[in-house]
Amino acid sequence: MRKKIRDTEVGLRIMNLRLDHGYSRERLAEMAGISAKFLFEIERSKKGFSATTLVRLSKALNVSTDYIMTGYGTERHEERLAAALERFEPDFLEQVEDLLEFAYEIVHKK
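This write-up is about the structure you can find in this document. Because the structure is predicted, anything quoted here is derived from the model rather than measured. (Residues numbered from 1 in each chain as written. Predicted model: local features only at pLDDT ≥ 70, side-chain atom pairs only at ≥ 80, totals over all residues. Heavy atoms only, no water.)

## Comments concerning the overall build of the protein chain
Heads up, the rule is: Put simply, DSSP H or I for four residues or longer makes a helix, DSSP E for two residues or longer makes a strand, and each gets a number counted from the N terminus. Accessibility here uses a 1.4 Å probe with only protein chains present; expressed as a share of the type maximum, an area under 20% marks a residue as buried, one over 50% as exposed, and anything in between as partly exposed. Using a 1.4 Å probe, the Shrake-Rupley method yields the accessible areas, and only the shown protein chains count as cover for residues.
Assigned secondary structure in the protein chain consists of 7 helices and 0 strands. The order of α-helices and β-strands along the protein chain, N terminus first, is α-α-α-α-α-α-α. Out of the 110 residues belonging to the protein chain, those deemed buried represent 24%. Per element, the accessible surface of the protein chain, about 8300 Å² overall, is 54% carbon and sulfur.

## Some remarks on helix α1 (residues 7-21)
We count it as follows: A helix is expected to span 1.5 Å for every residue after the first. The contact criterion used is simple: two residues touch if any of their non-hydrogen atoms lie within 4.5 Å.
In this model α1 runs 21 Å from its N-terminal to its C-terminal C-alpha over 15 residues, within 8% of the 21 Å that 1.5 Å per residue would give. Along α1, the residues classified as buried are Val-10, Gly-11, Arg-13, Ile-14, Met-15, Leu-17 and Arg-18. Tucked into the core, α1 has its buried residues touching α2 (25-32), α3 (36-43), α4 (51-61) and α5 (65-70). Taken from the residues just after α1, Gly-22 is the one with a positive phi, measuring 75°.

## A closer look at the environment of Arg-44
Along the chain, Arg-44 turns up in the loop between α3 and α4. Judged by its relative accessible area of 39%, Arg-44 falls in the partly exposed class. Sequence separation between Arg-44 and Leu-12 is 32 residues; the distance between their C-alpha atoms is 7.3 Å.

## Observations regarding the nonpolar core
Rules: What makes a nonpolar core is a set of buried Ala, Val, Leu, Ile, Met, Phe, Trp, Tyr and Cys residues whose side-chain atoms join them at distances within 4.5 Å.
In terms of nonpolar packing, the biggest core is built from 15 residues, with Ile-14, Leu-28, Ile-34, Leu-39, Leu-57, Leu-61 and Ile-68 touching the most fellow members. Mapped by element, the contributors of at least two residues to this core are α1, α2, α3 and α4. With 4 residues, the single largest contributor to this core is α4. Residues in contact with Leu-28, not counting those within four places in the same chain, are Ile-14, Arg-18, Tyr-23, Leu-39, Leu-57, Ala-60 and Leu-61.

## Regarding unusual backbone geometry
With a phi close to 60°, Ser-45 is a non-glycine residue in the positive phi region. Within the secondary structure, Ser-45 is located in the loop between α3 and α4. For Asn-62, which is not a glycine, the phi torsion comes out positive at approximately 60°. Positionally, Asn-62 belongs in the loop between α4 and α5.

What follows is the structure in C-alpha coordinates.
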(Lines give C-alpha, C1' and ligand atoms only; values in the text may rest on other atoms or scores of the structure.)
Protein backbone atom coordinates (compact mmCIF):
# COMPACT_ATOMS: atom_id res chain seq x y z
CA MET A 1 0.00 0.00 0.00
CA ARG A 2 1.33 3.44 -0.92
CA LYS A 3 1.69 6.08 1.73
CA LYS A 4 -0.12 9.33 1.04
CA ILE A 5 2.17 12.34 0.87
CA ARG A 6 1.00 15.05 3.24
CA ASP A 7 2.18 18.59 2.53
CA THR A 8 2.39 19.43 6.24
CA GLU A 9 4.72 16.49 6.86
CA VAL A 10 6.91 17.44 3.89
CA GLY A 11 7.25 21.01 5.13
CA LEU A 12 8.05 19.89 8.67
CA ARG A 13 10.57 17.35 7.39
CA ILE A 14 12.37 20.05 5.41
CA MET A 15 12.38 22.38 8.41
CA ASN A 16 13.67 19.64 10.74
CA LEU A 17 16.40 18.67 8.29
CA ARG A 18 17.41 22.31 7.98
CA LEU A 19 17.62 22.66 11.75
CA ASP A 20 19.50 19.34 12.10
CA HIS A 21 22.12 20.66 9.67
CA GLY A 22 22.31 23.94 11.59
CA TYR A 23 21.28 26.00 8.57
CA SER A 24 19.39 29.24 8.84
CA ARG A 25 16.41 29.54 6.54
CA GLU A 26 18.37 32.11 4.54
CA ARG A 27 21.37 29.78 4.15
CA LEU A 28 19.34 26.78 2.96
CA ALA A 29 17.34 28.98 0.59
CA GLU A 30 20.58 30.30 -0.89
CA MET A 31 21.97 26.77 -1.26
CA ALA A 32 18.77 25.64 -3.01
CA GLY A 33 18.51 28.73 -5.23
CA ILE A 34 15.18 29.91 -3.82
CA SER A 35 14.14 32.83 -1.67
CA ALA A 36 13.98 32.59 2.11
CA LYS A 37 10.33 33.67 1.92
CA PHE A 38 9.54 30.80 -0.45
CA LEU A 39 11.35 28.33 1.83
CA PHE A 40 9.32 29.65 4.77
CA GLU A 41 6.13 29.05 2.79
CA ILE A 42 7.27 25.51 1.89
CA GLU A 43 8.11 24.71 5.52
CA ARG A 44 4.71 26.03 6.61
CA SER A 45 2.93 24.09 3.83
CA LYS A 46 1.60 27.30 2.32
CA LYS A 47 3.13 26.64 -1.11
CA GLY A 48 3.99 23.64 -3.21
CA PHE A 49 7.24 23.36 -5.14
CA SER A 50 8.60 21.98 -8.38
CA ALA A 51 10.64 18.85 -8.95
CA THR A 52 13.63 21.12 -9.62
CA THR A 53 13.26 22.73 -6.20
CA LEU A 54 12.86 19.28 -4.61
CA VAL A 55 16.13 18.11 -6.17
CA ARG A 56 17.92 21.29 -5.08
CA LEU A 57 16.66 20.92 -1.51
CA SER A 58 17.63 17.24 -1.39
CA LYS A 59 21.17 18.06 -2.54
CA ALA A 60 21.51 20.92 -0.07
CA LEU A 61 20.22 18.74 2.78
CA ASN A 62 22.13 15.64 1.64
CA VAL A 63 19.08 13.38 1.63
CA SER A 64 17.14 11.62 -1.08
CA THR A 65 14.13 13.21 -2.69
CA ASP A 66 12.15 10.19 -1.46
CA TYR A 67 13.04 11.03 2.11
CA ILE A 68 11.87 14.62 1.75
CA MET A 69 8.56 13.55 0.21
CA THR A 70 7.74 10.41 2.19
CA GLY A 71 10.05 10.15 5.17
CA TYR A 72 11.44 6.95 3.69
CA GLY A 73 14.72 6.70 1.89
CA THR A 74 18.23 7.48 2.85
CA GLU A 75 20.92 10.03 3.02
CA ARG A 76 23.25 10.07 0.09
CA HIS A 77 25.39 7.22 1.40
CA GLU A 78 27.45 6.92 -1.75
CA GLU A 79 28.69 10.49 -1.44
CA ARG A 80 29.50 10.08 2.25
CA LEU A 81 31.31 6.81 1.59
CA ALA A 82 33.32 8.31 -1.27
CA ALA A 83 34.30 11.25 0.93
CA ALA A 84 35.42 8.88 3.69
CA LEU A 85 37.46 6.76 1.28
CA GLU A 86 39.19 9.84 -0.13
CA ARG A 87 40.71 10.48 3.29
CA PHE A 88 42.76 7.25 3.07
CA GLU A 89 46.18 7.10 1.49
CA PRO A 90 46.08 4.98 -1.69
CA ASP A 91 48.36 2.36 -0.08
CA PHE A 92 45.68 1.58 2.53
CA LEU A 93 42.66 1.29 0.23
CA GLU A 94 43.13 -2.45 -0.30
CA GLN A 95 43.03 -2.98 3.47
CA VAL A 96 39.92 -0.82 3.73
CA GLU A 97 38.25 -2.90 1.04
CA ASP A 98 39.14 -6.09 2.93
CA LEU A 99 37.62 -4.63 6.11
CA LEU A 100 34.43 -3.71 4.27
CA GLU A 101 34.12 -7.21 2.83
CA PHE A 102 34.64 -8.65 6.32
CA ALA A 103 31.96 -6.32 7.74
CA TYR A 104 29.58 -7.37 4.96
CA GLU A 105 30.12 -11.05 5.80
CA ILE A 106 29.43 -10.42 9.49
CA VAL A 107 26.22 -8.53 8.78
CA HIS A 108 24.93 -11.10 6.28
CA LYS A 109 25.77 -14.28 8.19
CA LYS A 110 22.73 -16.39 8.77
